[in-house]
Amino acid sequence: MMNELSDRFGVKFEFEMSAPNEHQSVESQVATIENWTAKKYDAILVSSAGDFDAMNAVYQKAMDAGTAIFMFNMPAEMWDEKELKAVSVISYNNQYQAGYIVGKYAAEKLQGKGKILLVWGLPGHWSTSRKNGFLEAIKPYPDMKIVGEQRGDYVRDKGMQAAENLLQANPDVDLIYGENEEMAQGATQAVEARGLKLWDGKEGIITIGADGLKSGYESIRKGKLTATVNVGPVDMGREFIKSVFMYEVLGYTVDKIINVPTTVVDKENVDIAAAYTDWALSTERK
């Protein structure tokens, strides 16, 4: 997207990325924002695990200094839009387009009945919102029972360990929902490690996550991971650059909440989903 705008309008982008020194370290996130604000960056895109009120104060300070704050990958439905200090949240509806559509998919594949295990990430916005959506989706199906849940902290090895622990007590489950793709991949490995059968379209244990990563698509193609929710990571990036261009270069207003499309990806549509991602990522940055 940056290349396209550069080619068409001569806008030159200087782009930098940074991650916290520890997973979800709020202090490190704040330090990065303050550093980039001091460097006079025009805009910063933030995915934060921090407290809304505390981060709002950080965003306001940056905005006052002339750096526009945009957010991404955040469950915007949890916050009061009028109080949000960022220019825009570019994301997807965490409740009804992530956990919710996993629940709908599970109900369809299990025909409204079955035993379910949940592997969740760190406590906070994402896990709360996705769980609420999942529970809402399966509410009409009293024969769909959650028989165990454990934290996997968003990483594959802990997701695998959590799934192994849960499977030890409940080996006859029908579905494992790993809240993100890494934990779902770990759960898939745990199923195989116990010699249990993965879903083949008719029987076995369904494993499903959320992200829409190329590694997840490859796992689906290999018949390992059953499905994942593509939450639009590619489209979040493209939408951010377009919004910054509109806001910073053209002086336009942009929507406070911009939700990108999402979908469940399984063996039926994995090839087209992977092709779209490959196309969007095919252009090298200049």
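To be clear, the structure that these remarks concern was listed above.
What this report covers is the structure whose coordinates are included nearby. (Residues numbered from 1 in each chain as written. Predicted model: local features only at pLDDT ≥ 70, side-chain atom pairs only at ≥ 80, totals over all residues. Heavy atoms only, no water.)

1. Some words on the side chain of Thr37
Operational definition: Runs of E in the DSSP output that reach at least two residues are strands. Runs of H or I that reach at least four are helices, and both are numbered from the N terminus. Pairs of N or O atoms within 3.5 Å make up the polar contacts considered here, provided that, within protein, one atom can donate a hydrogen while the other can accept it, and that residues adjacent in sequence are counted only when both atoms are side-chain atoms. Every residue pair with non-hydrogen atoms within 4.5 Å of one another is taken to be in contact.
Tracing the chain through its elements places Thr37 in helix H2 (residues 26-38). Within polar-contact distance, the side chain of Thr37 engages the backbone oxygen of Ile33 at 2.7 Å. For Thr37, the residues in contact, after removing those within four places along its chain, are Ile44, Ala62, Ala65 and Thr67.

2. Describing a nonpolar patch on the surface
Put simply, the test is: Patch definition: residues above 30% relative accessible area lacking any salt bridge, with like charges linked at up to 9 Å and the nonpolar side chains Val, Leu, Ile, Met, Phe, Trp and Tyr linked at up to 5 Å. For the accessible areas, the method is Shrake-Rupley and the probe is 1.4 Å, while residue cover comes only from the protein chains on display. By salt bridge we mean one thing: a side-chain nitrogen of Lys or Arg within 4 Å of a carboxyl oxygen of Asp or Glu.
On the surface, Val249, Leu250 and Tyr252 cluster together into a nonpolar patch covering about 280 Å² of accessible area. Along the chain, the position of Val249 falls in helix H9 (residues 233-249).

3. Comments concerning the pattern of salt bridges
Threshold: Accessible area is worked out with a 1.4 Å probe on protein chains only. A residue is then buried under 20% of its type maximum, exposed over 50%, and partly exposed in between.
Following the criterion strictly, the structure yields 16 salt bridges and no others. For Lys82, the salt bridge identified is with Asp80, shortest N-O distance 3.4 Å. Between Arg130 and Glu179 there is a salt bridge; the shortest N-O distance is 3.7 Å. Taken together, the residues Arg130 in helix H5 (residues 125-138) and Glu179 in the loop between strand E6 (175-178) and helix H7 (181-193) connect sequence positions 49 residues apart. No difference in accessibility class separates Arg130 from Glu179, as the two residues are buried. Taken together, the salt bridges that share partners define one network made up of Arg151, Asp153 and Lys158.

4. What to know about the sheet that holds strand E3 (residues 88-91)
So the rule is basically this: Pairing between strands is defined by DSSP: at least two bridges between them are needed. Only the stretch in contact is used when a helix axis is fitted, and all axes are lines through C-alpha atoms; the angle between N-to-C directions ranges over 0 to 180 degrees.
Pairing within the open sheet is parallel, and its four strands lie in the order E1-E2-E3-E9. Where the open sheet ends on each side, the last strands, each with one partner, are strand E1 (43-46) and strand E9 (257-259). Between one strand and the next, the sheet's axes are offset by a mean angle of 20°, whatever the strand orientation. Across the sheet, H9 touches E1, strand E2 (68-72), E3 and E9, and the angle it forms with E2 is around 160°.

5. Here's the deal with the packing of helix H4 (residues 95-109) against H5
Here is the rule we go by: Our angle categories are set so that under 35 degrees counts as roughly parallel, over 145 as roughly antiparallel, 65 to 115 as roughly perpendicular, and the remainder as oblique. The handedness criterion is simple: a crossing whose near helix is rotated anticlockwise from the far helix by less than a right angle is left-handed, and one whose near helix is rotated clockwise is right-handed.
Two elements in contact, H4 and H5, have axes whose closest approach is 7 Å; the angle formed by their N-to-C orientations is 40°. The orientation of H4 relative to H5 falls into the category oblique. Like other packed secondary-structure pairs, H4 and H5 cross with a definite hand, here right-handed. Counted together, Gln95, Tyr96, Ala98, Gly99, Tyr100, Val102, Gly103 and Lys104 of H4 and Ser129, Arg130, Asn132, Gly133, Phe134, Glu136, Ala137 and Ile138 of H5 form the full contact between these two elements.

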